[in-house]
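Commentary on secondary and tertiary structure
In case you want the letters, here they are:
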Amino acid sequence: MEWEPKIVAFLCNWCSYAGADLAGVGRIQYPPNIRVIRIPCSGRINPLFIMSAIKNGADGVLTSG
Amino acid sequence: MTTKPDKVGAVMVLGAGIAGIQASLDLAESGYYVYLVEKSPAIGGTMPMLDKTFPTNDCSMCILSPKLVECGRHLNINVMTCSELVDLQGEPGNFKATILKKARFVDPEKCTGCGSCTESCPVKVDDAFNQGLDKRKAIYKLYAQAYPNAYAIDKQKCLKIKKPKACGKCLEACQAGAIDHTMQDDTVDVQIGSVILVPGFEAFQAKELSYYGYGKLANVVTSLEFERLLSASGPFGGHLIRPSDHKEPKKVAWIQCVGSRNCKIENGYCSSVCCMYAIKEAVIAKEHTPYELDTAIFFMDMRTYGKEFEKYYDRARNEQGVRFIRSRVYEVTEATDGSGNIIIRYSNEDGTITNEEFDMVVLSIGLEPSGEMIELAGKLGVELNKFNFAEPPSLTGVGTNRPGVYVAGAFSGPRDIPETVMQASAAAADSSVILSDARGTLVKKKEYPAEKDVAGDIIRTGVFICHCGINIGSVVKVPDVVEYARTLPGVAFADEKLYACSQDTGEQIKEAIEKYGLNRIVVASCSPRTHEPMFQDTLKEAGLNPNLFEMANIRDQCSWVHQKEPEKATEKAKDLVKMAVYKAALLEPVQGVSLGMSHDVLVIGGGVAGMNAALNAASQGYKVNLVEKSDSLGGIAKRIRYGMKGEDVQAYLAELASKINSSQLIKVYTGVEIAEVHGFVGNFVTKLSNGEEIQHGVAIIATGGNEYQPAEYLYGQNDRVKTLLELETDLADGKLAGAKNIVFIQCVGSRDPERPYCSRICCTKSIKQALKLKEANPDANVFILYRDIRTYGFYEDMYTEARRKGVIFIRYSVDSKPVVEAAGDKVKVTVKDHVLGVPVVIDADVVGLAAAIVPPDNSRLSQFFKVPLNQEGFFLEAHLKLRPVDFGTDGVFMCGLAHGPKNLEENISQAKAAVSRACTVLAKESIDVEGKCAIVNKKKCAGCGVCESVCPAKAVAVDPAEKVAVVNEALCKGCGACASSCRCGALNIKGCTNEQIMAMINAL
Amino acid sequence: MLRMQKLASAIQDAARMLLEEKKVDLVVGFSKGSLPLRSTPCFIRKPEDAAKLTWDCSCENNLANYLRKRQDRVAVVAKGCDARSIAALINENQIDRNNLFIIGVPCSGMVDRAKVEAALEGKDLIAVEEKGDTLVLKAIGVTMEVKLDDLLHDTCKVCRYGNPVIYDMMIGEPAPAKPEDSFADVAAFEALSPAERRAALAAEFSKCIRCYACRNACPMCYCTECFVDCSAPVWVNKSTGTDDNIMFQAGRVFHSAGRCADCGACDRACPMGINLRGMTRKMVKEVKELFGYETGVNPDEKPALAEFKADDPQPFLVKE
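Okay, so let's go over this structure. Counting restarts for each chain: residues are numbered from 1 in the order of the written sequence. Written order determines the labels here, with chains lettered from A and ligands numbered from 1. Reporting of local features is limited, given that this is a predicted model, to residues whose pLDDT is at least 70; pairs of side-chain atoms are given and counted only at 80 or more, and all residues count toward the totals for whole chains, interfaces and linings.

Re the overall build of chain B
Our working rule: In this text, helices come from DSSP runs of H or I with a minimum length of four residues, and strands from runs of E with a minimum of two, each type numbered from the N-terminal end. Radius of gyration means the value over C-alpha atoms here, while the globule rule gives 2.2 Å times the residue count to the 0.38 power. Here the C-beta atoms are placed from the backbone, and a residue counts as buried if at least 20 other C-beta atoms lie within 10 Å of its own, exposed if 12 or fewer do, and partly exposed otherwise. A residue pair is marked as a contact if its C-beta atoms, positioned from the backbone, fall within 7 Å.
On a plain count of helices and strands, chain B comes out with 25 helices and 51 strands. In terms of overall size, chain B behaves like a compact globule, its C-alpha atoms giving a radius of gyration of 30 Å where 1004 residues would be expected to give roughly 30 Å. Counting the 1004 residues in chain B, one finds 56% classified as buried. The long-range share in chain B, meaning contacts at least 24 apart out of those at least 6 apart in sequence, stands at 72%.

Some details on the packing of helix α2 (residues 47-55) of chain A against helix α9 (residues 242-255) of chain C
We apply this condition: Here an angle of 0 to 180 degrees is reported between the N-to-C directions of two axes, which are lines fitted to C-alpha atoms, with helices fitted over the stretch in contact. For classification purposes, an angle smaller than 35 degrees is called roughly parallel, one larger than 145 roughly antiparallel, one from 65 to 115 roughly perpendicular, and anything else oblique. Handedness of each helix crossing follows the sense of rotation of the near helix against the far helix: counterclockwise by less than a right angle gives left-handed, clockwise gives right-handed. Three classes are used: nonpolar for Ala, Val, Leu, Ile, Met, Phe, Trp, Tyr, Cys and Pro, charged for Asp, Glu, Lys and Arg, and polar for all others, with Gly counted as polar.
Interaxial distance between α2 of chain A and α9 of chain C falls to 10 Å at its minimum, and their mutual angle equals 160 degrees. The orientation of α2 of chain A relative to α9 of chain C falls into the category roughly antiparallel. Regarding α2 of chain A and α9 of chain C, the two cross each other, and that crossing is right-handed. Contacts from Pro47, Leu48, Met51 and Lys55 of chain A of α2 of chain A reach α9 of chain C at Asp243, Met247, Ala250, Gly251 and Phe254 of chain C. The residue makeup of the contact of α2 of chain A with α9 of chain C, split by class, is 6 nonpolar, 1 polar and 2 charged.

Some thoughts on the pairing of strand β16 (residues 251-258) of chain B
Residues and elements named next belong to chain B. As a reminder of what qualifies: Note on pairing: DSSP must find at least two bridges between two strands before they are called paired. For a crossover, the right-handed case is the one in which the path from the first strand over the helix to the second runs clockwise, viewed with the strands pointing away from the viewer.
Of all 8 residues making up β16, 7 are buried, and the element is well covered by its neighbours. Where β16 lies against strand β17 (residues 294-299), 5 bridges are found, and the strand directions are parallel. Within β17, the residue paired with isoleucine 255 across the bridge is phenylalanine 298. This β-α-β element, β16 to helix α7 (residues 274-288) to β17, shows right-handed connectivity. As judged from the 5 bridges shared by β16 and strand β21 (residues 360-365), these two strands associate in the parallel manner. Following the sheet pairing, valine 252 is matched in β21 by methionine 360.

Concerning the interface of chain A and chain B
Each side of the interface is counted separately: chain A has 35 residues, and chain B has 38 residues. Elements that contribute at least two residues to the side of chain A that touches chain B include exactly α1 (16-25), β2 (34-39) and α2 of chain A. Partitioning the side of chain A that touches chain B into residue classes produces 21 nonpolar, 9 polar and 5 charged.

As for the sheet that holds strand β33 (residues 683-688) of chain B
Residue and element names in this part refer to chain B. As summarised here, the arrangement of the 3 strands in space is β32-β33-β34, forming an open sheet in which the pairing is antiparallel. Lying at the two open borders of the sheet, with one neighbouring strand each, are β32 (674-680) and β34 (693-696). Here the strands of the sheet are splayed against their neighbours by 15 degrees on average, with no regard to which way each runs. Examined bridge by bridge, β32 and β33 share 6 bridges and lie antiparallel to one another. The residue bridging isoleucine 674 from the neighbouring strand is leucine 688, located in β33.

Observations regarding helix α2 (residues 60-73) of chain B
Put simply, the rule is: To estimate the expected span of a helix, count its residues, drop one, and scale the result by 1.5 Å.
The end-to-end C-alpha distance of α2 of chain B, which contains 14 residues, comes to 20 Å, matching closely the 20 Å that a straight helix rising 1.5 Å per residue would cover. The set of residues buried in α2 of chain B consists of Ser60, Met61, Ile63, Leu64, Ser65, Lys67, Leu68, Cys71 and Gly72 of chain B. Turning to α2 of chain B, the residues buried within the fold contact α1 of chain A together with α1 (18-29), β3 (52-53), β4 (58-59) and β5 (77-80) of chain B.

Set out below in structure tokens:
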């Protein structure tokens, strides 16, 4: 089986998280290997969260806001 | 004897575009009940159709949607969609409005917005929202993020409504039972105290002007169509292609003033927004294309007169390579080679003719009032101007001839979003003035049972997994997820629900909380953005703190987007539930914070804006301190004699001053400045230069502006050279009667590297004065030397009149400015005429310089209130588009020239807007915040101050004595920038703690 | 008199004067160690003790470390890197500038004892003598003259700020200007593939015993509770797994972003000889390239990560 990276995404509630919802409303299909963590603002992303996600086995971290 | 009926504390807002939403929110937050009446099935108006917005290039939908949600969910805004006003009886303070509620055929209370119906509907209809560029179904939602998040049926197109025995596929698809094809129209009467008309505009029908080829040539599109082409939610997902053949265009042209500035079709006004939106579309189109896109804008005058617009234009021209072609377009035809390309035949400024070929042409269509509104205005007795706009009476900003009925937004005249928002707030303020006695009488407040104390209790999490009909259940194996949830730590109960959001499920959740002693609730269903508040309400009804709730989004971000991979989607759903459960275990109740406050207002600056703000606030019953640094009220307007429509400005000022002096609630301080400011929203303490101390809840900054003292064109050296304000006095005093040749020079000190902004009012003011001169002496030769004539909106009419009356307009370019030389007792003005291509020499008796509007030194106030200035020294608002009078600092507002150049009418409107925004604070008993804010662990804090530096709300600061950070909960927005920057881990965010986020990360 | 000795006596004079005139309660400087090239931080409270102060090419410690949150009035002997750290600490409210007197000393670099040891091939150094651009090293049976430049710490070799950026009194002649740091070492690391980088980091940090000497030596690491010690949440496991070691170091380095003066204190403190500067310098380079910011070089400037600018470059953004 082809290797699939695990992606953790930190998405700002007001824009990117809404964008991810919108992708759903538009039924835009994308790979299911992403796990989204909703945050109140991209300012909430402590760099240690990103490092922890990677330490916990994430192959990539998406921060968006 | 008749008694006057009591005032009604409710307002009807007609039209739910951005103006209607803003007015509704202001009023609802100021203690009034609002009926928001919208004819379409969703609120939002035009903004959702736009891709990006100028000058910030923000995504239109992204900035609008928080307001949509807030408006839609507001307890005191009754959103009436598919509704129209049919009659209005009564008088200001007490009207009866008759509203026709048209059948929607879908019950928005039951509809979950899942969209199964639309998938099954066989009828395809041109999608008007997408400008007909693609299809929707007969059962549809206006746009993806629409509020209410519910479908509606197009009565004209539905098969079953036409023939009750036909079709009915949607009925089968809808598991929520929300559809009823037999629904009937309904008429309701509501009692209201005032009406705000904000129906927006209609786009000009480009077909009316056949020479532009719209409707005949496939690759001529309108600017609104182009917005949809650019939009990621548009018909082509934001991929820029020609809709006719899906080819990527290499060259795109915009033609300006389509349906505007056109007296032949009686649209002799400027639509005000097209120049900027065309530049924006060109810039964004260039960003969209991975290849070098050639863009050209064909224009007559470039009217980038708004705040930060000129710089946007400069960047587009100089950095982004948008071509600007000053021209008159004669004809638009199709190339004969079958490419579908478009040829524009145009005349250059010097009269030569050029043909240029483009792949695609965009028509910058103007704004018109809708036919329905013209009709309704007639019924309501609201007078319209000659272009059928409800232009407000002079110096009211937002009034109409009918008392108690106000107007805002594009229906009052073509205008852009920030001005629309400003006016909407202003209309709310004026409504509030007449209704202030009834403030708070009709607003609703929900009561909840006392909150259970869960501190120290063992975690007992209840998990509810939603099928959402078949939306989740058909992809994600919900029973498996429920089984899995039961194995997770702390989970005491897990169950599945057909619709978690249905009313009976709400009851079941409450029962489960009681029966199983649940103290944390997780719902796995759709998006928390739309449904979290509803579930939190259920918790409150069950006596749990709403923050003991967490959601897992297994529909919008799982089943809908992984439809072909049910196994993996189920695994993902499990993970999402696990993350939510782990976080839930660490959730703690968050208590709101309530602080006492002063309800007084401080207005800084006693010019027209400040005086209007003071009067409006006092008329609403608030005590106002009006501080003016000079010795008398009036500001720069003391030097203005005529308004743009000929108003007697001095009489107006006298009237304002007398009203202020007779008001019991306004205390005027003249010859006084601000010396110190302490505190925050609700609790400001300001020290004046006379030593007095004022306690106030809000501050309105209206420090005004000055006229630039030119260093050019012999100003100050030759007394025949004057500024417009000096000329104004001479003109009024009849001192110019003998002048034969008068020259106006525009853009003196504006639109140059030192002040790269347009001063907005000078073109109109110069023309106004030119007309006065012509009126006094028709034989006088009046010349206006200009770069672009910027008579936006209805002022265009004055420009037309001036040309008709023989005022001579000569354009000069910035690299060959007019030369002014002393010549005996006259002044010799030499300018190169672009039409003739030769220098023109004028022996002028008087030269009028349209000198820039410059801000006073606002730096001290900027520091006092922690509010920013822009590069030019004007105050910079919280958001250029949607928060035009607010600051990032709560409780501080601004209006007038302090914000940027504008005319009297606009200053008045903005002053009222500032008061409206201030009233959303003042109408409350106390400063109440949700409490999801930053919290400092003093033991850990090293006092390094990084939090203070990064906080956008200025809500945290290092206490100089204690040397630790202190959070002001009234100001904190809970964004978390401080907590993320704090190395010591001393800062955390209530409701979104480091521990909770780490728990989610560790759950992976 | 030799250059270093001149500096030492000037420092002594300054300290004596400051203490005599009661301008300060304490002078922090260096005194001779018991072994050659082992100058050590020293605290002088009485004018008569000023003679204990010294200055030579082994005054490597960053004395900013001793200045945080003091109530007394302190004078400090500061070379370039100390001054940069001091400037950064003033910015972070850790030092009250009004209570600090900075005796600035130009610095041309400090000697790396490991390099001395290598030059002597492991023999014990018994004496050292300064001789222009060279040092004369003496061990039993060996005397050798080595170019000072060849013995300097790596950090000193690339340091452009030998002359203190802030001071109240400057001693001696300014050190000559040096060329811009090329960051060749960081560039070499960056040129590796992700897998190679991961392997390189793992190889380096698997050695870490989590003694936290690096953290304690750093003048900028002053949190009451370091994130590694925090239990709610547990950011990093306390055990010495390579992943957790990397997490610790990455967190440490990230926390020093825009604050690290590249003084090398962490590197010198490491008992396991881990190349800690490899990571800190990567961050220094990033900060310089992204924000045009160098720690403490312009004391009035807001630190890179403690300021919000609308026009910050954001090359990492994915745009449409």
